[in-house]
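Residues per chain are reported as follows:
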Amino acid sequence: MTDQELIEVAKAYRERAYAAYSHFKVGAAVLTKDGKVFGGCNIENASFGPTICAERTAVAKAVSEGHRDFVRIVIAGRSRELCVPCGVCRQVLREFAPNIEIICLNGAGEERTFTLEELLPHSFGPEYLQ
Ligand code: THU
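How each quantity is defined
Residues numbered from 1 in each chain as written. Predicted model: local features only at pLDDT ≥ 70, side-chain atom pairs only at ≥ 80, totals over all residues. Heavy atoms only, no water. Helix = DSSP H or I, 4+ residues; strand = E, 2+ residues; numbered from the N terminus. Buried < 20%, exposed > 50% of the residue type's maximum accessible area, 1.4 Å probe, protein only. Contact = heavy atoms within 4.5 Å. Areas by Shrake-Rupley, 256 points an atom, 1.4 Å probe, with all protein chains shown as cover. Lys, Arg positive; Asp, Glu negative; His and termini not counted. Charge placed at Lys NZ, Arg CZ, Asp CG, Glu CD. Phe/Tyr/Trp six-rings, centres within 6.5 Å; stacked < 30°, edge-to-face > 60°. Lys NZ or Arg CZ within 6 Å of the ring centre and 35° of its normal. Near = heavy atom within 4 Å. Polar contact = N/O pair within 3.5 Å; in protein donor to acceptor, adjacent residues only side chain to side chain. Nonpolar A, V, L, I, M, F, W, Y, C, P; charged D, E, K, R; others polar. Axes fitted to C-alpha atoms, helices over the stretch in contact; angles between N-to-C directions. Parallel < 35°, antiparallel > 145°, perpendicular 65-115°, else oblique. Left-handed = near helix turned anticlockwise from the far one by under 90°. Pairing = 2+ DSSP bridges.

Asker: What should I look at first to understand the overall build of the chain in this one?
Answerer: A tally of helices and strands in the chain yields 4 helices and 5 strands. Counting from the amino terminus, helix and strand elements in the chain follow one another as α-β-β-α-β-α-β-β-α. Its C-alpha atoms give the chain principal-axis dimensions of roughly 40 × 35 × 30 Å. In the chain, which comprises 130 residues, the proportion classed as buried is 42%. Partitioning the contacts of the chain with sequence separation of at least 6, the portion at a separation of at least 24 is 58%. Of the roughly 7,200 Å² that the chain leaves accessible, carbon and sulfur atoms contribute 52%. Here the chain contributes 15 positively and 17 negatively charged side chains, and the mean placements of these two sets differ by 4 Å.

Right, here's the structure in full:
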């Protein structure tokens, strides 16, 4: 799976976003070490709090199918700025993949790759609880 293919998956999932309130559609695609891909979109809720981001939808799908070894994730938004993951999603990615690469896209299709360490330095993780 090339980066470009993973980007296309994230863009396709963006179309499935349920963004009834923000109208801010986001798609994500996470790649596992063994080459599996799980896509996700944001799913909003009238009660706002239960809203889930695209990244966490993709991660929840992967983990619930038995895959936790993530190497890369694409996040495709439509904003002018690159669609970077929110703080909650950064922490969720940290749980499973402290070395994950995060490819962020804006609406123009421009991209930038970050490491999780760049986006969430000095992070707290599972090893603290051992
Ligand atoms: N959102 C995501 O799905 N991922 C991000 O990286 C940023 C924010 C969603 C949550 C909400 O449905 C909408 O975008 C506006 O915040």
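Don't stop here, the text continues.
Asker: I'm lost on the packing of aromatic side chains in this one. Help?
Answerer: The description of an aromatic ring pair uses the distance of the two centres, along with the angle that the planes make with each other. Tallied over the full model, the rule gives 3 aromatic pairs. Seen from their ring centres, phenylalanine 70 and phenylalanine 96 are 6.1 Å apart, and the 75° between their planes marks the pair as edge-to-face. In this pair, phenylalanine 70 is assigned in strand 3 (residues 70–76) and phenylalanine 96 in helix 3 (residues 87–96), connecting sequence segments 26 residues apart. For phenylalanine 70, a relative accessible area of 6% gives the class buried. A centroid spacing of 4.6 Å and a plane angle of 35° characterise the contact between phenylalanine 124 and tyrosine 128, whose relative ring orientation is tilted. The exposure class of phenylalanine 124 is partly exposed, given its relative accessible area of 44%. The side chain of arginine 16 reaches across the aromatic face of tyrosine 13, ending 5.0 Å from its centre.

Asker: Would you take a moment to explain the site of the ligand for this structure?
Answerer: In the vicinity of the ligand lie 13 residues, with Asn42, Glu44, Ala54, Glu55 and Val84 positioned nearest. Between the ligand and asparagine 42 there is a distance of 3.0 Å, counted from an oxygen atom to a side-chain nitrogen or oxygen. For the ligand, an oxygen atom lies 2.5 Å from a polar atom in the side chain of glutamate 44. Relative to its free-state accessible area of 370 Å², the ligand is covered by the protein chains to the extent of 80%. Taken together, the residues of the shell around the ligand break down into 8 nonpolar, 3 polar and 2 charged.

Asker: Help me understand the packing of helix 2 (residues 54–64) against helix 3 in this model?
Answerer: Two numbers describe a pair of packed helices, the interaxial angle and the distance between the axes. Interaxial distance between helix 2 and helix 3 falls to 10 Å at its minimum, and their mutual angle equals 25°. When the axes of helix 2 and helix 3 are compared, the pair comes out roughly parallel. Remark: the crossing between helix 2 and helix 3 carries left-handed chirality. Listed contacts from helix 3 to Glu55, Arg56, Val59 and Val63 of helix 2 are Val88, Cys89, Val92, Leu93 and Phe96.

Asker: Please clarify how the sheet that holds strand 1 (residues 27–32) should be interpreted in this entry.
Answerer: Each strand in a sheet pairs with its neighbour through backbone hydrogen bonds, running either in the same direction (parallel) or in the opposite one (antiparallel). Read across the sheet, 5 strands follow the order 2-1-3-4-5 without closing on themselves; strand pairing throughout is mixed. In this open sheet, the two edge strands, each paired with only one partner strand, are strand 2 (37–41) and strand 5 (111–115). The average undirected angle you get between the axes of adjacent strands in this sheet is 15°. Inspection of the sheet shows strand 3 paired to strand 4 (residues 101–105) by 5 bridges, in the parallel sense. Paired with alanine 76 across the two strands is leucine 105, which belongs to strand 4.

Take it as geometry only, folks, not as evidence of what the structure does.
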